[in-house]
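If you want the building blocks of each chain, they are given just below.
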Amino acid sequence: MVSFLIGNVFLLELNIPLIGLWVRLYRFEPAPQLIGFVLGPMMEEYFRRTMLLSRRDALVLLERPGLALLLAAALLLFVAALVPVSRWRAIIHRQTHGKTA
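So, the pattern of salt bridges
Line of reasoning, step 1. Inspection of the entire model under this criterion finds three salt bridges.
Line of reasoning, step 2. The partner of Glu44 in a salt bridge is Arg48, with the nearest N and O atoms 3.0 Å apart. Remark: Arg48 and Glu44 occur in helix α2 (residues 30-53); sequence separation between them is four residues, near one turn of the helix.
Line of reasoning, step 3. With a relative accessible area of 47%, Glu44 lands in the partly exposed category.
Line of reasoning, step 4. Look at Arg48 and you get partly exposed, because its relative accessible area is 40%.
Line of reasoning, step 5. Across the pair Arg49 and Glu45 runs a salt bridge, and its minimum N-O distance is 3.5 Å.

As for the layout of surface pockets
Line of reasoning, step 1. Considered as a void within the structure, the largest pocket measures approximately 480 Å³ in volume.
Line of reasoning, step 2. Within the residue set of the lining of the largest pocket, elements represented by two or more residues are α1 (2-26), α2 and α3 (65-96).
Line of reasoning, step 3. Considering every element that reaches the lining of the largest pocket, the biggest residue donor is α3, with six residues.
Line of reasoning, step 4. If you add up the space inside the second largest pocket, you get close to 260 Å³.
Line of reasoning, step 5. If you trace the second largest pocket, you find it lined by Met43, Glu44, Tyr46, Phe47, Thr50, Leu61, Leu67, Leu70, Leu71, Ala73 and Ala74.
Line of reasoning, step 6. If you list the elements that add at least two residues to the lining of the second largest pocket, you get α2 and α3.
Line of reasoning, step 7. When its residues are assigned to classes, the lining of the second largest pocket shows nine nonpolar, one polar and one charged.

Some points on a nonpolar patch on the surface
Line of reasoning, step 1. Taken together, the side chains of Leu34, Ile35, Val38, Leu39, Met42, Met43 and Tyr46 define a hydrophobic patch exposed on the protein surface, amounting to about 750 Å² of accessible area.
Line of reasoning, step 2. Here Leu34 lies in helix α2.
Line of reasoning, step 3. Residue classification places Leu34 among the exposed residues on the basis of a relative accessible area of 56%.

Structural notes on unusual backbone geometry
Line of reasoning, step 1. We note that Arg55 has phi near 55°; this positive angle belongs to a residue other than glycine.
Line of reasoning, step 2. Judged by relative accessible area, Arg55 falls into the exposed class, the value being 77%.
Line of reasoning, step 3. Within the chain, Arg56 stands out as a residue other than glycine whose phi angle is a positive 65°.
Line of reasoning, step 4. Topologically, Arg56 is positioned in the loop between α2 and α3.

Rules and cut-offs
Residues numbered from 1 in each chain as written. Predicted model: local features only at pLDDT ≥ 70, side-chain atom pairs only at ≥ 80, totals over all residues. Heavy atoms only, no water. Salt bridge = Lys/Arg side-chain N within 4 Å of Asp/Glu carboxyl O. Helix = DSSP H or I, 4+ residues; strand = E, 2+ residues; numbered from the N terminus. Buried < 20%, exposed > 50% of the residue type's maximum accessible area, 1.4 Å probe, protein only. 1 Å grid on protein atoms, 1.4 Å probe; cavity = no way out; pocket = protein on both sides within 12 Å on 5 of 7 lines; lining within 4 Å. Points joined across faces, edges and corners; volume = space filled by probe spheres on them. Nonpolar A, V, L, I, M, F, W, Y, C, P; charged D, E, K, R; others polar. Patch = residues over 30% accessible without salt bridge, like charges linked within 9 Å, V, L, I, M, F, W, Y side chains within 5 Å. Areas by Shrake-Rupley, 256 points an atom, 1.4 Å probe, with all protein chains shown as cover.

See the structure below:
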């Protein structure tokens, strides 16, 4: 148990400088990240409670239309956030390999 804790501390210490690099590289805004860091643990706790009460049946999340709509919107926003990164990588790839658009 103690070795697991020590390993996690070392991994956290190694990854903290990378957070700033990821923010600059992908041009993430800091305000939504801060909100995510604050609300993330609360959402995780409520998700864990839901899974315990539903006996680990994830389909219970889709039973209510409002929650299903929020999950679909979150998935859509996640995919939309990844699209510019893939386009950016395609442009860089074309420039480095000498192909023009």
